[in-house]
Amino acid sequence: NLYLMMSLADESIDAYRQALKNDPAHVEAGMGLSKAFVATQRYEEAIEALHAVRAYLDQPGDQAEFFKLIGTISALRGDHGAAIKLFKKYAGQSPNTSDPYHGLYPACMQAGDSAQAEEARDELIEKFPKDRIARIRQLDLWAERGAVEKLNPAIDALLRENRNAPASCELAAQYYLK
């Protein structure tokens, strides 16, 4: 939404509310309203906006987007147990994308469940080995285990592939300084 990109959350909220007033089944408006509420840290209202359109989630990807948003909101609210369950549902709805694991791993870590976090990380790495976040999780794993013989070549490869990405350079520096 243009209003959100311009940091005009209140205007965005008003526009989405008007769209939903005109068409309560407008799923994109409901999800957009939820995202606008998240941007203003109004998490309860964000959840209400999602539940208001849940009955109309009939397009491919709608259910997955629902679980992604509500999982993210749960994590932001500190309800990591709910976030974990929701990200797992999201993974079930979207088996061909790594996105659910990007939320699942940190939710497990924040919940203090390192075994479940490791399982999520390992599944991410196995299913999506070329995913940038999966590769970073793999680097974390090798760093934890002191597997320098695997870590150094992997960092070199990450840098070669992403030499113009400051985040990759910063990440490499962190590993090399350990």
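See the structure shown above.
In this text, all values refer to a predicted model and were calculated from it rather than measured experimentally. Every chain begins its residue count from 1, and numbering advances along the sequence as written. Local features are withheld for residues below a pLDDT of 70 in this predicted model, meaning they are given only at 70 or higher, and side-chain atom pairs are given and counted only at 80 or more; totals for whole chains, interfaces and linings count all residues. Hydrogen atoms and water are omitted, and side-chain values are computed over all heavy atoms in the structure.

### A few points about the side chain of H80
Alright, step 1. Checked against the element boundaries, H80 lands in helix α6 (residues 80-93).
Alright, step 2. Any N or O atom pair separated by 3.5 Å or less is treated as a polar contact, with the protein-specific requirement of one donor-capable and one acceptor-capable atom, and with residues adjacent in sequence counted only for side-chain atom pairs. At 3.3 Å, the side chain of H80 and the side chain of Q110 are in polar contact.
Alright, step 3. In this analysis, two residues are considered to be in contact whenever any of their non-hydrogen atoms come within 4.5 Å of each other. In this structure H80 touches A75, A107, Q110 and A111, once residues within four positions along its chain are discounted. The secondary structure listing takes helices from DSSP runs of H or I that are at least 4 residues long and strands from runs of E that are at least 2 residues long, numbered from the N terminus.

### Thoughts on unusual backbone geometry
Alright, step 1. A positive phi angle, close to 60°, is found at Q41, a residue other than glycine.
Alright, step 2. Relative to the elements of secondary structure, Q41 occurs in the loop between α3 (27-39) and α4 (43-53).

### Concerning the packing of helix α7 (residues 99-110) against helix α8 (residues 114-127)
Alright, step 1. Orientation is described by axes fitted as lines to C-alpha atoms, over the contacting stretch for helices, and by angles from 0 to 180 degrees between their N-to-C directions. Where α7 contacts α8, the axes come no closer than 8 Å and their chain directions differ by 160°. In this view, α7 runs roughly antiparallel relative to α8, as classed from their interaxial angle. Helix-helix and strand crossings are classified by hand; for α7 and α8 the assignment is left-handed. Across the interface between the two elements, Y101, H102, L104, Y105, C108 and M109 of α7 pack against Q116, A117, A120, R121, E123, L124 and K127 of α8. What sets the label is the angle itself: under 35 degrees gives roughly parallel, over 145 gives roughly antiparallel, 65 to 115 gives roughly perpendicular, and the rest give oblique. For any pair of crossing helices, the crossing counts as left-handed if the nearer helix is rotated counterclockwise from the farther one by less than a right angle, and right-handed if it is rotated clockwise.

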